[in-house]
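As a plain string of letters, each chain reads:
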Amino acid sequence: MSGQKCFHCGEQVPPGEDRTVTVNGREEPVCCTGCHAVANMILGSGLEKFYQVRTSAGARPDDEAVASSPDQWSAYDRDEVQRDFVQIGDGPREGSFLVENLYCAACGWLIEHLLSQVDGVLDVRVNAATGRAIIRWEQERAPLSFLLREMARLGYRAHPLRADKVRSMADQERRKALRRLIVSGLGTMQVMMLGIGLYLGDYYGMDAVHEQFLRLVSLLVATPVLFYAGAPFFIGAYRDIRARTVGMDVPVSLAIGITYTASLWWTLTDGPKVYFDSVVMFIFFLGVARFAEMAARHKANETTDALARLIPSNATRVTEQGEEQVPVADLRTGDILLVRPGETVPADGELIWGEGNLDESLLTGESMPQSRGEGERLVGGSLNTAGVFRMRVEALGQDTVLSSISRLLARAQADRPRLARVANWVAARFISVVLVAAVGVFAWWWQHDPVQAFPVLMAVLAATCPCALAMATPMAIAGGTNRLARSGLLITQRDALETMTKVGHVVFDKTGTLTRGELRVERIELLTDEPGLDETRALALAGGLERHSEHPIARAFDGHGQRLAFDDVEAVRGDGVRGALDGDEYRIGLPRFACDQAVGEGEPSDEGSWVVLARNGQPLARFQLADRPREDAAELVAALKARGLTVELASGDHPAVVEAVARRLGIDRWQARMRPDDKLARIREIQAQGVKVAMVGDGLNDAPVLAGADVAIAMNTGTALAQTSADMVLLGERLTPVERGFHWAHQSRRIMIQNLTLSACYNFSALPLAAVGFLTPWMAALGMAGSSILVILNASRLSRGQRPVAACPVPVGRGKIQAQPVPGRS
């Protein structure tokens, strides 16, 4: 066996080595115990197809690693391994994966279709435009190792979406594609030169010996181009046929395979004509289109990949013995970290000493560094531009804000809106129609002109392959979601981008949305002469109750009443909070909720509003709370009005406070004293007039309203429930991304429609031209590649921020709506 190449890794077998593995009845040499064990593991698992479809030799394994890990997938079932890319909990798990050999929408459909049949798989979403897959499964019923193994059986190897893996996989894919493109390009030039000689020989005359010589040389050059540069098309077609489906690679493989076979036969039998030039040009032009698609896919992933690379590999941990450099993977909750200028915050946590200026531009879209001091929350991945501080780790891995943003962005890119689903449905059926039409066209030409039958068949299959149609929407969606994410608005639901273009009415919550939600107690009035009750005691009672609430009002009492242990605490949505202490019931909130008797609310204004503290229905004190509008709130309202949208303010606060804020921000329509069900009824009233409504809110009581709106936008500072109900999440503290969201949603939809129109016009116009023989195979291949590249370039305008062609405004339906004051609490 010495001197031969290892069947598994491709290295030379050393002298004296006689290990072999049995593959399809043949003994194949291996170079070491590691390759022997891995090869036997692959073959024993029924994965011999791995060796049939691979395009390069496998990496040489480490003997010890192979001995301790006989199954390359079983390690992924361990919680400590999954923790890097999966949220570990009691319920279903969800993970993002980078998928190899994912070339078109049909590949994604195949994976979704087959994995969805596995018991325990709850959801599978694959985006061919980004090469990513999101799988949601139950670990006990469907182990992750089994799912990865099933994908590998199909020929799609999935890898956990980690920054290092993403970069290496992208580089590897780019190098392989470039090598194939170079081979096909050089082969095309050589065969074209030989083809010119054959064409001139047909016209002017040529000796049969010279013609046969040119044919044989063309065959020798075209063969490696076909079997190396064209291998991905045949592998993809084999996967599709094996799965009993028809994808983009099937007509492509038929076209080049049949034409090459006919040319080979006519070369050996001295037939009338050969078409090796058409074969190599076809492969080269399609290779250019695939390479452009790959580059666009990598570009579409740049935001997600940039987020994945934000977390550093090491951190400075502070212990009793001093400072030490440790890998981020070794950090634990509660660790104290030191962050110096120029370093990246390695995890979510609380700043406990010092101060710093944090650049959170990639996380929130905020261009200016944000000042952070003691007690403030820090987000992992933000860059410390100035200052030295210590922080306490509170969240790591998949529990961090950064990981949540990455998951939502990946989910948004994997989702397909209505236009994308329609395009995929049309493309899948169009391929079947094309194959039937190609058979009919070939039969007709075979009867009338057999020499032209093969080039016409190749032209029909090439010209009508709906690659551009399948890429039209995924590329636009990926570009639009990335553009919005960079602007500070994250899409979480698949149809939000399209629905946003139809919105005619925008409803805002006040507290925590248009205002900062950072309420402060400006004034305290005692409502009883009870001994022992002073302002300090009243603040403590109020703080003890409000710390059980997630409403922005509760933040005004932070730091008060931490030692008071209330029992049976309940946050009553839209009214306030109640709880028991020493046998008495305490309530804080709106007067009608807190007291059995009427209590004056003072004179609310834009300086603040009042909440009442009561015990057993008797008022104890009232607190005036002050808030301020966000700096860019007025700018946002003006921009939305300029777009022709109707803006309305719906709040549960006192009418005087709501009116003052509305007047300050330029909002003509406002409603006060609204409970959550009142807000939902108001949205239903607007929707009944045929108007799509966008709701921008924050807080627990906004969750049902967000769920009822056509487009729900939640503030990142809101509760998890509010964000779950939302279609979009504002990542930063600024509101202007909302207006940018409307702009880029319109741009994305226009580009989707443009791409669908361009690709459909090309496919339906090219079919008759190819069928009558007007289009030669190389023209058809060039046209198909050109249409794909045109779609990609048009979609890339979203990433560059340029305005697409024919960017005409989309009409929005509106109705006349009158605001009526309704009671309730924000």
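Residues numbered from 1 in each chain as written. Predicted model: local features only at pLDDT ≥ 70, side-chain atom pairs only at ≥ 80, totals over all residues. Heavy atoms only, no water.

Now for the environment of Ala177. Mapped onto the elements, Ala177 comes out in helix H7 (residues 163–204). Note: C-alpha distance between Ala177 and Arg290 (113 residues apart in sequence) is 8.3 Å. Ala177 has contacts with Phe291 and Met294, leaving out every residue within four places of it along the chain. (Helix = DSSP H or I, 4+ residues; strand = E, 2+ residues; numbered from the N terminus. Contact = heavy atoms within 4.5 Å.)

Of all residues in the chain, 74% have pLDDT values of 70 or greater, and the mean over the chain is 75. Contacts for the low-pLDDT stretch residues 61–70, under 50 throughout, to residues beyond four places or in other chains number twelve contacts. Overall, residues 602–607 carries pLDDT values under 50, and its contacts beyond four positions in sequence, including any with other chains, amount to 17 contacts. (pLDDT = per-residue confidence, 0-100.)

All right, on to the pattern of salt bridges then. According to the stated counting rule, one finds 24 salt bridges in the structure shown. We note a salt bridge from Arg643 to Glu739, for which the minimum N-O separation is 3.4 Å. Here Glu739 lies in helix H27 (residues 737–771) and Arg643 lies in the loop between helix H22 (633–642) and strand E24 (646–650), a separation of 96 residues in the sequence. On the accessibility criterion, Arg643 (30% relative accessible area) is partly exposed. When salt bridges that share partners are traced, they join Asp119, Glu138 and Arg141 into one network. (Salt bridge = Lys/Arg side-chain N within 4 Å of Asp/Glu carboxyl O. Buried < 20%, exposed > 50% of the residue type's maximum accessible area, 1.4 Å probe, protein only.)

Attention shifts here to the pairing of E24. In terms of burial, E24 is largely enclosed, as five of its five residues are buried. The two faces of E24 match: Thr646, Glu648 and Ala650 on one face and Val647 and Leu649 on the other face are all buried. Sheet topology places strand E17 (residues 503–508) next to E24; four bridges connect them, and they run parallel. Across the sheet, the residue bridging to Phe508 is Leu649, located in E24. Here E24 pairs with strand E25 (residues 669–671) via three bridges, running parallel. (Pairing = 2+ DSSP bridges.)

A word on the environment of Asn357. Residue position: Asn357 is located in strand E11 (residues 356–359). Placed 13 residues apart in sequence, Asn357 and Gln370 show a C-alpha to C-alpha distance of 5.3 Å. Not counting residues up to four positions away in its chain, the partners in contact with Asn357 are Pro369, Gln370, Ser371, Leu383, Asn384, Thr385 and Ala386.

On to unusual backbone geometry, then. One non-glycine residue, Asp582, lies in positive phi territory at about 55°. Inspection of the secondary structure puts Asp582 in the loop between strand E20 (576–581) and strand E21 (584–589). Here Asp582 falls in the exposed class, since its relative accessible area comes to 72%. Positive phi outside glycine occurs at Asn616, with the angle close to 55°. By the element assignment, Asn616 lies in the loop between strand E22 (609–615) and strand E23 (618–626). The class for Asn616 is partly exposed, based on a relative accessible area of 42%.

Let's shift gears to the pairing of strand E26 (residues 692–697). Among the six residues of E26, five are classified as buried, and the element is accordingly described as predominantly covered. Two strands pair when backbone bridges link them, and E17 and E26 are joined in this way by five bridges, in the parallel orientation. Along E26, the bridge assignment pairs Val506 with Ala694. The pairing of E26 with strand E27 (residues 711–715) spans four bridges and is parallel.

The end-to-end C-alpha separation of helix H16 (residues 450–463) is 20 Å, in line with the 20 Å expected for 14 residues at 1.5 Å each. Of all 14 residues that make up H16, eleven are buried, and the element is covered over most of its length. All of the buried residues in H16 are Ala453, Phe454, Pro455, Val456, Leu457, Met458, Ala459, Val460, Leu461, Ala462 and Ala463. (Expected span 1.5 Å × (residues − 1).)

The residue Met458 is located in helix H16 in this model. By relative accessible area, Met458 is classed as buried at 0%. Expressed as a C-alpha distance, the spacing of Met458 and Thr259, which sit 199 residues apart in the sequence, is 6.8 Å.

So, on to the sheet that holds strand E12 (residues 370–372). Read from one edge to the other, the open sheet built from three strands follows the order E12-E11-E14, with strand pairing classed as antiparallel. Looking at strand neighbours, the two that pair on one side only are E12 and strand E14 (383–386), the edges of this open sheet. Taken pair by pair, the neighbouring strands of this sheet meet at an average axis angle of 45°, ignoring direction. For E11 and E12, the ladder comprises three bridges, and the chain directions are antiparallel. Its bridge partner lying in E12, Asn357 is registered against Ser371. (Axes fitted to C-alpha atoms, helices over the stretch in contact; angles between N-to-C directions.)

A few words now on the packing of H16 against H27. Between H16 and H27, whose axes approach to 8 Å, the crossing angle comes to 175°. In this view, H16 runs roughly antiparallel relative to H27, as classed from their interaxial angle. Between H16, through Val456, Ala459, Val460 and Ala463, and H27, the contact on the second element is made entirely by Tyr762, Asn763, Ala766, Leu767, Ala770 and Ala771. Of the residues assigned to the contact of H16 with H27, the class counts are nine nonpolar, one polar and no charged. (Parallel < 35°, antiparallel > 145°, perpendicular 65-115°, else oblique. Nonpolar A, V, L, I, M, F, W, Y, C, P; charged D, E, K, R; others polar.)

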